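Here is how the chains run, residue by residue.
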Amino acid sequence: MVTFLQETLADIKNNHSDISEITFILPSKRAGGFLMQELRKEILKTQFAPRILDVEEFIQELSNLSIIDNTELLFKSYEAYLGTPSIAEKDDFETYSTWANTLINDFNEIDRYLVEPKPFFSYLASIKTLERWGVSDEKTELINNYLRFWEGLPSFYENIQSLLLNESVGYQGMVYREAVSNLEYYINNNGNKTHIFIGFNALNTAEQHIVQGLLETGNSMVYWDTDSSFFEDSKHSASYFIRKYINEWKYFQDEAPKFIAANFEKPKHFQLVEVQKNIGQAKYVGELLSLLSDEEINKTAIVLGDENLLIPLLYSLPENVKNVNVTMGVSLKNFPAVVFFELLFAIHLRKTGNLYYKDILSILNHPLGSDLLQNGQSIANTLTRENITHISPEKLYELSKNEEKGVLQLLFEDWKDDSKKAVKVALQVLSELQKKHKINSVDRVVQHQLTAIFSKIEALNEQYPFLKSIKSMLILFSEMASSTSLDFEGEAYKGLQLMGVLETRVLDFENVIITSVNEGIFPSGKSNASFITYDLKQQFNLPLYNEKDAIYTYHFYRLLQRAKNVTLLYNNHSEGINTGEKSRFIRQLEIDKRENHTIEKRILSPKVQIKKQSLKEIKKTEAVMQRIREIAEKGFSPSALTSYIRNPLDFYFQKILKLNDFEEVEETVAANTLGTIVHDTLETFYQPLEGSVLTIQNLSDMKEQIHEEVTKQFKKTFKGGTFSKGKNLIIFEVAKRYISNFIDREVSDVEAGNNIKIIKIETNLTLEILITELNFPVKIHGKVDRVDEYNGQLRIIDYKTGLVNQGDVEIIDWEQLNQDYKFSKAFQILTYALMMNKEILINNAEAGIISFKNLGSGFLKFGVKEKSGSRNKSQIITNETLENFTLELKKLILEICDQNIPFTEKEIDLC
């Protein structure tokens with residue numbers, strides 16, 4: 001394959017004996033680098049190299065101005081904005097920065113296209129006035145200020161220009177306009193020199209003036225990179241601009257264009273691949289590359305329609321790819337260090353005295369936070385253990401070691417919304433991090449870039465006193481981090497080329513793989529980031545969206561012109577703003593298929609293999625058996641036994657391995673915490689009355705103490721948490737209501753003449769179970785909430801703050817009791833009854849649950865229904881009842897203690 005640059009150089013050498021005197025101008029630095037590489041290959045003897053410039057370098061040389069950095073331009077433009085008297089109502093810098101870039105881009109546009117400013121701004125002001133026409137009979141101050149702003153734009157525009165000209169700098173459009181002004185002077189001094197323009201397509205008006213001016217000298221030339229297939233088709237937008245220039249420019253009335261090739265009609269193989277999701281594209285590209293030889297890889301370019309695919313693609317490269325040249329960088333905003341500073345600044349945006357625990361943990365648990373504070377995890381554990389949701393900075397410092405207190409103060413002391421303080425702290429933090437020895441090379445480069453950014457912000461803040469708050473500094477930092485990238489180092493002219501669309505200009509490859517060829521990405525679609533209306537653009541010959549589409553069309557088809565194998569991938573998954581629609585370019589290729597072109601279509605979908613999940617089994621080793629014996633000797637609790645019934649694996653993890661749920665700060669009162677608070681409050685009220693008969697006076701005294709006692713229990717159980725507002729206040733009131741309603745029910749019972757005698761409150765019970773098959777003792781233990789006598793009837797009561805219905809405490813078949821978890825509540829109250837039988841011989845007792853969410857149903861008694869289906873049931877606990885339960889209990893314990901029966905996972909119905 002002969003590339004465009006090779007063809008161009010061959011023609012130039014035929015017409016110029018000494019190319020060292022030529023000035024080459026190309027669209028980009030990369031294109032200039034490849035041109036120099038071609039020259040090295042072709043020139044056999046040592047000679048001076050020609051001047052090779054990218055178009056921006058050439059324009060700056062013409063104008064004698066340097067293009068200003070975007071961040072500094074933002075500050076300079078705000079200075080000009082403040083110095084514009086015709087704009088009476090001024091925004092602060094923070095607000096200004098949200099719309100300034102759009103306005104400056106519009107200034108760029110009108111300058112690049114040499115639009116006369118006065119009539120343009122007059123037209124724009126008239127349009128904005130019309131937009132507000134008829135809003136009200138009398139214009140408000142807000143509308144008047146709005147209209148005055150648009151009327152003041154010419155003065156603002158002139159102020160920016162004069163301010164920048166004084167320092168010999170300018171924004172891009174301004175530099176272009178100045179270059180056109182200086183063109184005649186430049187030609188007078190350099191008209192005898194040869195200038196050759198290579199590979200240009202869409203030129204703005206300023207560039208057109210400059211190129212035509214130099215062509216008219218007779219010493220300069222322009223080489224177009226297009227194909228006759230597109231050039232001769234008046235409806236094909238790939239050659240829209242080149243066709244327009246050749247038809248309109250005076251130079252081409254006498255000179256034939258150089259040169260219109262005929263490569264697109266040559267044999268080509270297209271592979272159109274429909275892939276699910278972006279990661280699928282990256283993986284498929286990796287598969288394609290794994291099939292190529294080293295020679296083929298050297299002739300291959302991957303062009304990313306969406307540059308966000310860069311990192312997944314780098315991770316997907318196969319082992320046979322030895323050399324990669326990546327032409328784009330990775331945005332700094334994608335690195336964790338940037339997130340760390342954004343989190344830190346966000347904490348100081350909140351003007352509250354106390355620090356929120358999640359904010360603290362976000363810093364302490366971040367990799368950079370861990371590097372800064374060796375005991376950060378200890379502080380995090382203390383916050384979690386003490387259940388602290390809000391803490392003052394002073395109390396936080398007390399949790400740290402003395403040697404690290406300074407770093408903690410640096411991060412969390414009050415910055416008083418001072419942007420200078422924020423930048424100073426950021427630089428100190430980076431300085432501390434760079435002292436660490438365990439930083440990898442990538443993190444070190446990232447930190448170096450961040451230091452440069454914060455140093456620049458600090459310098460700008462000293463020069464321009466516009467950053468008055470941390471928020472304005474954070475906005476600026478985020479923008480600078482987004483626009484800063486880390487470049488990859490590699491051999492530029494060897495190996496696989498991984499490129500963005502614009503980097504492909506003037507370059508050719510035999511094998512081309514283009515990703516994300518989706519509508520809205522390639523081409524990108526319409527953009528409304530401009531204050532210039534469509535009709536205003538039409539009036540002043542500014543580029544419209546259809547011309548911007550023509551630029552994408554040119555780049556797409558130019559890549560295909562000399563290629564032999566082309567793979568186009570697109571994402572068919574519809575998600576967010578991505579519609580999953582393939583690009584119009586793919587449809588165009590399908591419809592406009594050429595004779596020598598073959599098109600292969602593929603749809604890639606992930607292979608879904610449904611494997612039957614086998615239930616896990618864990619064998620009981622000697623170590624496990626030893627742990628079971630320890631539990632048995634100490635005593636199985638009812639909850640431990642019911643957890644085994646629910647799922648033996650839960651029992652294994654919680655009781656054998658002692659794995660607890662991840663401990664975290666309880667910001668909102670959990671259900672189990674509420675249960676503990678209610679239980680402990682009732683224990684405090686009723687325990688002094690053990691052995692006594694309840695009276696109205698007892699219950700009245702309790703009601704008066706509800707608020708005080710619940711508050712005390714909240715402070716004890718929900719330690720560190722606040723319950724004076726929000727959801728926790730509601731839960732606090734719910735706890736009081738539960739207890740108040742319960743006592744009201746007790747009052748009603750006593751007033752109705754019922755005799756209630758308290759026997760036991762929150763009593764610890766233990767019972768040894770004789771199991772002859774086991775050679776070690778087995779106990780059960782637990783705490784019964786309440787035992788009383790109700791009109792002489794012994795009752796064993798378990799409190800539940802959750803919802804329990806009568807059906808939850810009834811059984812039909814005794815064998816179901818240790819097999820089905822839905823009978824767990826019945827199992828628990830029978831366990832309490834069995835243990836209580838040791839303390840008080842039970843015969844004709846009742847056992848059941850009082851549910852605070854179902855208080856209207858009263859005491860829910862355990863009962864055994866008849867299998868016949870009749871409504872008859874026995875709700876009395878007798879010796880026979882306890883014997884039946886003991887039999888099932890022994891079966892369950894034997895199963896747990898049997899070394900030959902593994903812990904087998906149960907399928908749990910979560911519905």
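Our subject is the structure that appears above.
Residues numbered from 1 in each chain as written. Predicted model: local features only at pLDDT ≥ 70, side-chain atom pairs only at ≥ 80, totals over all residues. Heavy atoms only, no water.

Q: Explain the overall build of the protein chain to me, and be specific about the residues and the numbers.
A: Each helix and strand in the protein chain was counted, giving 36 helices and 28 strands. Relative to the compact-globule value of 29 Å for 911 residues, the protein chain shows a C-alpha radius of gyration of 40 Å, a clear excess of over 25%. With the principal axes as the frame, the protein chain shows a C-alpha extent of 120 × 65 × 60 Å. Looking at the protein chain as a whole, 50% of its 911 residues are labelled buried. (Helix = DSSP H or I, 4+ residues; strand = E, 2+ residues; numbered from the N terminus. Rg over C-alpha atoms; globule rule 2.2 N^0.38 Å. Buried < 20%, exposed > 50% of the residue type's maximum accessible area, 1.4 Å probe, protein only.)

Q: So what about the nonpolar core? Which residues, and what values?
A: It is characteristic of soluble globular proteins that their nonpolar side chains tend to be buried jointly. Counting residues in hydrophobic clusters, the biggest one holds 147 residues, and the most contacted among them are F341, F345, F454 and F477. If near-sequence neighbours (up to four positions away) are discounted, F454 is found in contact with F341, F345, V423, A426, L427, L430, M473 and F477. Counting 58 residues, the second-largest nonpolar core is a separate cluster that includes L649, F776, V809 and C897. (Core = buried A, V, L, I, M, F, W, Y, C linked by side-chain atoms within 4.5 Å. Contact = heavy atoms within 4.5 Å.)

Q: Please set out helix 8 (residues 153-165) residue by residue, giving values where relevant.
A: Because the α-helix completes a turn every 3.6 residues, residues three or four places apart line up on one side. End to end, helix 8 covers 18 Å across 13 residues, agreeing with the expected 18 Å (1.5 Å per residue, within 8%). For helix 8, the set of buried residues is L153, F156, Y157, I160, Q161 and L164. Buried positions in helix 8, seen along its axis, are confined to an arc of 135 degrees and lie on one side of it. (Expected span 1.5 Å × (residues − 1). Arc of directions from axis to C-beta.)

Q: Residue-level account of the pairing of strand 24 (residues 846-851), with values.
A: The side chains of a regular strand alternate, first on one face of the sheet and then on the other. For strand 24, the buried fraction is high: six of the six residues fall into the buried class. Where burial is concerned, the two faces of strand 24 agree: the one with E846, G848 and I850 and the one with A847, I849 and S851 are both buried. Looking at chain direction, strand 22 (residues 793-800) and strand 24 are connected through six bridges and run parallel. Pairing of D798 across the sheet is with I849, part of strand 24. As paired strands, strand 24 and strand 25 (residues 859-861) are joined by three bridges and run antiparallel to one another. The partner of G848 across the bridge, within strand 25, is K861. (Pairing = 2+ DSSP bridges.)

Q: Before we move on, could you go through the pattern of salt bridges and cite the residues and values that matter?
A: A full pass over the atoms with the stated rule returns 43 salt bridges. A salt bridge links E38 to K41; the shortest N-O distance between them is 3.8 Å. With E38 and K41 both in helix 2 (residues 29-42), this residue pair falls three residues apart, about one helical turn. The exposed category is assigned to K41, whose relative accessible area is 54%. Here E667 and K358 are joined by a salt bridge, their closest N and O atoms 3.7 Å apart. Of this pair, E667 sits in the loop between helix 31 (648-656) and helix 32 (671-686) while K358 sits in helix 18 (residues 357-364); the two residues are 309 residues apart in sequence, bridging distant segments of the chain. The class for E667 is partly exposed, based on a relative accessible area of 28%. Taking relative accessible area as the criterion, K358 reaches 45% and is therefore assigned partly exposed. Through salt bridges with shared partners, one network takes in E7, D225, D508, R558 and R562. (Salt bridge = Lys/Arg side-chain N within 4 Å of Asp/Glu carboxyl O.)

Q: Give me the lowdown on the side chain of S740, citing residues and values where you can.
A: In this fold, S740 is placed in helix 34 (residues 726-751). The exposure class assigned to S740 is buried, which follows from its relative accessible area of 16%. Contact partners of S740, with chain neighbours within four places excluded, come to K703 and I706.

Q: Give a detailed account of the environment of T695, specifying residues and quantitative values.
A: Looking at the element boundaries, T695 is found in the loop between helix 32 and helix 33 (696-717). When the C-alpha atoms of T695 and K757 are compared, they prove to be 9.6 Å apart, with 62 residues separating the residues in sequence.

Q: Before we move on, could you go through the sheet that holds strand 25 and cite the residues and values that matter?
A: Taken in spatial order, the five strands line up as 20-21-22-24-25 in an open sheet, and their pairing is mixed. Each having just a single partner strand, strand 20 (756-769) and strand 25 make up the two edges of the open sheet. Within the sheet, the average angular offset between the axes of one strand and its neighbour, ignoring direction, is 40 degrees. Across the sheet, helix 32 touches strand 20, strand 21 (778-790) and strand 22, and the angle it forms with strand 20 is around 120 degrees. Packed on one face of the sheet, helix 35 (residues 824-839) meets strand 20, strand 21, strand 22 and strand 24 and runs near 90 degrees to strand 20. (Axes fitted to C-alpha atoms, helices over the stretch in contact; angles between N-to-C directions.)

Q: How would you explain the environment of A380 if you had to name every residue and give the values?
A: Along the polypeptide, A380 turns up in helix 20 (residues 376-385). For the pair A380 and T881, spaced 501 residues apart in sequence, the C-alpha to C-alpha distance is 51 Å. Every residue in contact with A380, bar those within four places of it in the chain, is listed here: L361, L364 and N365.

Q: If you had to explain the pairing of strand 5 (residues 194-198) to someone new, which residues and values would you point to?
A: Among the five residues of strand 5, five are classified as buried, and the element is accordingly described as predominantly covered. In strand 5, alternate side chains face the same way, and those of T194, I196 and I198 on one face and H195 and F197 on the other are all buried. As paired elements, strand 5 and strand 6 (residues 221-227) share three bridges and run parallel to each other. Among the inter-strand pairings, I196 is bridged to a residue of strand 6, identified as M221. You can see the chain leave strand 5, run along helix 11 (residues 205-215) and come back into strand 6, and the turn it takes is right-handed. (Right-handed = clockwise from strand over helix to strand, strands pointing away.)

Q: Describe the sheet that holds strand 10 (residues 324-326), and please don't skip the residues or the numbers.
A: Strands sit in the order 10-15-9-16-17-8-18 across an open sheet of seven strands; the sheet is parallel. The sheet is open, and its two edges are formed by strand 10 and strand 18 (597-604), each paired on a single side. If you compare each strand with its neighbour and ignore which way they point, the axes differ by 15 degrees on average. Running at roughly 160 degrees to strand 17 (residues 565-571), helix 14 (residues 278-290) makes contact with strand 8 (268-275), strand 9 (300-304), strand 15 (496-500), strand 16 (511-515), strand 17 and strand 18 of the sheet.

Q: Give me the lowdown on helix 29 (residues 622-634), citing residues and values where you can.
A: Compared with the 18 Å implied by 1.5 Å per residue over 13 residues, the 18 Å span of helix 29 between its first and last C-alpha is a close match. G635 occupies a position one or two residues after helix 29 and carries a positive phi of about 125 degrees.

Q: I'd like a rundown of the environment of P393, residues and numbers included.
A: Looking at where P393 falls in the secondary structure, it is placed in helix 21 (residues 393-398). Relative accessible area serves as the criterion here: at 11%, P393 is assigned to the buried category. Sequence separation between P393 and N354 is 39 residues; the distance between their C-alpha atoms is 6.7 Å. Ignoring any residue separated from it by four or fewer positions in sequence, one finds P393 in contact with G353, L355 and F412.

Q: Now, about the packing of aromatic side chains: what can you tell me, with residues and values included?
A: This model, assessed by the stated rule, comprises 69 aromatic pairs. Positioned above the aromatic ring of F903, the side-chain terminus of K620 is 4.8 Å from the ring centre. The positively charged end of R786 is found above the aromatic ring belonging to Y686, 5.0 Å away from the centroid. (Phe/Tyr/Trp six-rings, centres within 6.5 Å; stacked < 30°, edge-to-face > 60°. Lys NZ or Arg CZ within 6 Å of the ring centre and 35° of its normal.)

Q: How would you sum up the packing of helix 3 (residues 55-63) against helix 11? Please name residues and give values.
A: Interhelical geometry of helix 3 versus helix 11 gives an angle of 80 degrees and a closest axis separation of 12 Å. Put simply, helix 3 runs roughly perpendicular to helix 11. In this structure, helix 3 uses V55, F58, I59 and L62 to contact helix 11, whose residues at the interface are E207, I210 and L214. (Parallel < 35°, antiparallel > 145°, perpendicular 65-115°, else oblique.)

Q: Give me the lowdown on the side chain of E683, citing residues and values where you can.
A: With respect to the element layout, E683 can be found in helix 32. No salt bridge is formed by the buried E683; the nearest opposite charge belongs to K783, separated by 5.0 Å. With sequence-adjacent residues up to four places away left out, E683 is seen in contact with P688, I761 and E762. (Lys, Arg positive; Asp, Glu negative; His and termini not counted.)

Keep in mind that these numbers describe shape and distance, not what the molecule does.
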